[in-house]
Amino acid sequence: MARTPLSIVRHPLGPRVYVAGLRVHECFAGSGIAAAVVAAALLDGDANRRLLLAVGAASLWLMAKDWPDFFPSRRDTYAWRAGLHRRDDD
């Protein structure tokens, strides 16, 4: 695969997103976003709380829907879909 800043690759279990050639799982993206929300809330007392709550909720959703990818033995065993991912038993 060519090294591009952002690429999306078709896969039987769903699209795969790569940033700078590294695969990005939704659960880890959600974790990073959650850390950024916590840092913003702690560092900026005047932060827009509603915006932080909305972004925080979205990050929790990303972590919840892709939770199996937190564990290497379960990684890439669930098929992608808009709701919670489901196990690919085909």
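Residues numbered from 1 in each chain as written. Predicted model: local features only at pLDDT ≥ 70, side-chain atom pairs only at ≥ 80, totals over all residues. Heavy atoms only, no water.

Enquirer: Explanation requested: the overall build of the chain in the structure shown.
Expert: For the chain, the count of helices and strands is 2 helices and 5 strands. In sequence order, the chain lays out its α and β elements as β-β-β-α-α-β-β. For the chain, with 90 residues in total, the buried portion stands at 24%. Taking all contacts inside the chain whose residues are at least 6 apart in sequence as the whole, residues at least 24 apart take part in 37%. As displayed, the chain has an accessible area near 6400 Å², and 64% of this comes from carbon and sulfur atoms. (Helix = DSSP H or I, 4+ residues; strand = E, 2+ residues; numbered from the N terminus. Buried < 20%, exposed > 50% of the residue type's maximum accessible area, 1.4 Å probe, protein only. Contact = heavy atoms within 4.5 Å. Areas by Shrake-Rupley, 256 points an atom, 1.4 Å probe, with all protein chains shown as cover.)

Enquirer: Sorry if this is basic, but what is going on with the environment of valine 17 here?
Expert: Residue position: valine 17 is located in strand S2 (residues 16-19). In this structure valine 17 comes out as partly exposed when scored by relative accessible area, which is 31%. As a C-alpha pair, valine 17 and leucine 6 span 11 residues in sequence and 7.4 Å in three-dimensional space.

Enquirer: When you look at the sheet that holds S2 in this model, what are you seeing that I'm missing?
Expert: Hydrogen bonds between backbone groups are what pair the strands of a sheet, and the pairing can be parallel or antiparallel. Here we have 3 strands laid out as an open sheet, ordered S1-S2-S3, and antiparallel in their pairing. Taken across any chain shown, the strands that pair with only one partner, and hence form the sheet edges, are strand S1 (6-9) and strand S3 (22-23). Bridge count between S1 and S2: 4 bridges; the pairing is antiparallel. Across the sheet, residue serine 7 finds its bridge partner in S2, namely tyrosine 18. (Pairing = 2+ DSSP bridges.)

Enquirer: Help me understand the side chain of serine 59 in this model?
Expert: For serine 59, the position within the fold is in helix H2 (residues 49-65). For serine 59, a relative accessible area of 1% gives the class buried. Among residues more than four places away in sequence, those in contact with serine 59 are Gly30, Ile33 and Ala34.

Enquirer: Help me understand helix H1 (residues 26-43) in this model?
Expert: One full turn of an α-helix is made of 3.6 residues, so residues set three or four places apart face in the same direction. With 18 residues, H1 should reach 26 Å at 1.5 Å per residue; the first-to-last C-alpha distance of 25 Å fits that figure. Among all positions in H1, only Glu26, Cys27, Gly30 and Val37 are buried. Looking straight down H1, one finds that the buried residues subtend no more than 95° of arc, so they occupy a single side. Along H1, exposed side chains directed more than 90 degrees from the buried face belong to Leu42 and Leu43. Taken together, the buried residues of H1 touch H2. (Expected span 1.5 Å × (residues − 1). Arc of directions from axis to C-beta.)

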